[in-house]
Amino acid sequence: MKKTILSAAIGAAALGLASAASAATLDDVKAKGVVTCGVSAGIPGFSNPDDKGEWTGIDVDYCRGIAAAVFGDPTKAKFVALSSKDRFPALQSGEVDVLTRNTTWTISRDTSLGFNFRTVNYYDGQGFIVKKSLNVKSALELSGAAVCVQTGTTTELNLADYFKSNNLQYNPVVFEKEADATTAYDSGRCDVYTTDQSGLYAIRLKMKNPDENMVLPEVISKEPLGPAVRQGDDKWFDIVSWVHYAMVNAEELGITSKNVDEMKTSGGPDVKRMLGSEEGSKIGTDLGLTNDWAYNIVKLVGNYGEVFDRTVGPNTPLKIERGLNALWTKGGLQYAPPIR
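Residues numbered from 1 in each chain as written. Predicted model: local features only at pLDDT ≥ 70, side-chain atom pairs only at ≥ 80, totals over all residues. Heavy atoms only, no water.

The name an unreviewed UniProt entry assigns to the chain is General L-amino acid transport system substrate-binding protein, from the organism Rhizobium wenxiniae. UniProt annotates the chain under Sequence similarities (unreviewed entry) with the comment "Belongs to the bacterial solute-binding protein 3 family." (UniProt positions renumbered as here; feature names shortened; annotations may be inferred.)

In structure tokens form, the structure reads like this:
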């Protein structure tokens, strides 16, 4: 009962904070001279700082895309590392302008927490990683296993649902921080670690003996990962959403960071409209930006395919195929409304 009352109170507070904190985020961002993005605390390929503090990853590049759209400068992006527990209060309070952290879009987060989701920059699903020495080939063989899991996540709920629906027993070993959970798994404190499959491939790279671990084939959930903003500020919501759509449209139209200057003058009407070179276009100004907002994104950050390939793609240590994240024209789910 106490948990129910507390959840209701948090939800009500979230809605109040959302309306108060998000009246004019674009104005606040411009006044600060930087867009502040909440990101995960070190997942290779998604958001990860190197030993010099330089951030890389697909979620990081989303934030840089927003900075490029707003300022014409992708370096005007500030990254705040947030745990699963801290990410939502940080957005609700205004500590960050947007979550570009690997966060699953769910109905409760879209409603009771006072957030808005629209785009999915990575379609994922939850999986399991085990030591090869455990001699299991399927998650259905994990009954009785000790499972490391991060608390306060959809992962924790999916885990419970999966084992219950398959009449399997398990012993949860719960941690607030992902780093603690993965360290516990790597040291043998639990038999299994579970999170989104993309995260499993990233985490395996950090283990003492990566080749001694394997990702099981089962995908037990839908995990559409994308940015979240506070409710009550449609202009900012539109900007954050259309940054992704611009990247996807650019890939579909064959516009890359290398040919965007040529395409700006020689492309067809849809290309010129998107890149701001169509005479009389007000698409950028209608967003509260300059008309070259999409040009700046592609020129300075890249199209969606370029970002995917350099952060998590087959030629990176993660070696992740496009799969569901391919364009809709190539059998994937990445589809963007037209810019017109």
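Another point: unusual backbone geometry. Residues other than glycine seldom take positive phi values, yet N167 does so here, at roughly 55 degrees. Checked against the element boundaries, N167 lands in the loop between helix 6 (154-165) and strand 10 (170-175). (Helix = DSSP H or I, 4+ residues; strand = E, 2+ residues; numbered from the N terminus.)

So, about helix 2 (residues 25-32). Buried within helix 2 are the following residues: T25, L26 and V29. Each buried residue of helix 2 sits inside an arc of 100 degrees when the element is viewed along its axis, so together they form one side. In this structure, helix 2 carries D27 and A31 as exposed residues pointing more than 90 degrees from its buried face. For helix 2, the secondary structure elements touched by its buried residues are strand 1 (35-39), helix 3 (58-71), strand 14 (229-230), helix 9 (234-253) and helix 12 (283-287). Within two residues after helix 2, G33 carries a phi angle of roughly 80 degrees, on the positive side. (Buried < 20%, exposed > 50% of the residue type's maximum accessible area, 1.4 Å probe, protein only. Arc of directions from axis to C-beta. Contact = heavy atoms within 4.5 Å.)

In this section: the packing of aromatic side chains. Throughout the structure, instances matching the rule amount to twelve aromatic pairs. When the centroid spacing of 5.2 Å and the interplanar angle of 80 degrees are considered together, the rings of F46 and Y122 count as edge-to-face. One end of the pair, F46, is in the loop between strand 1 and strand 2 (48-49); the other, Y122, is in strand 7 (residues 122-124), and 76 residues separate them in sequence. Accessibility classification places F46 together with Y122 in one group, the buried group. Considering the side-chain rings of W328 and Y335, the 5.1 Å spacing of their centres and the 65 degrees angle between planes classify their relative orientation as edge-to-face. W328 gets classed as partly exposed once you look at its relative accessible area, which sits at 42%. Assessed through its relative accessible area of 53%, Y335 is described here as exposed. The rings of F46, Y122, Y304 and F308 are connected pair by pair, giving a single aromatic cluster. Across from the ring centre of Y185, 3.7 Å away, lies the NZ or CZ of K131, which sits over that ring. (Phe/Tyr/Trp six-rings, centres within 6.5 Å; stacked < 30°, edge-to-face > 60°. Lys NZ or Arg CZ within 6 Å of the ring centre and 35° of its normal.)

With that settled, consider the environment of D51. With respect to the element layout, D51 can be found in the loop between strand 2 and strand 3 (55-56). On the basis of relative accessible area, D51 is assigned to the exposed category, the value being 77%. Residues D51 and T75 lie 24 residues apart in sequence; the distance between their C-alpha atoms is 18 Å.

Within strand 9 (residues 145-150), six of the six residues are buried, leaving the element largely enclosed by the surrounding structure. Of the two faces of strand 9, both are covered, the one formed by A145, V147 and V149 as well as the one formed by A146, C148 and Q150. Pairing of strand 9 with strand 10, which is carried by six bridges, proceeds in the parallel orientation. Note that in strand 10 the partner of A145 across the bridge is Y170. Where the polypeptide runs from strand 9 across helix 6 and back to strand 10, its parallel neighbour, the crossover connection is right-handed. (Pairing = 2+ DSSP bridges. Right-handed = clockwise from strand over helix to strand, strands pointing away.)

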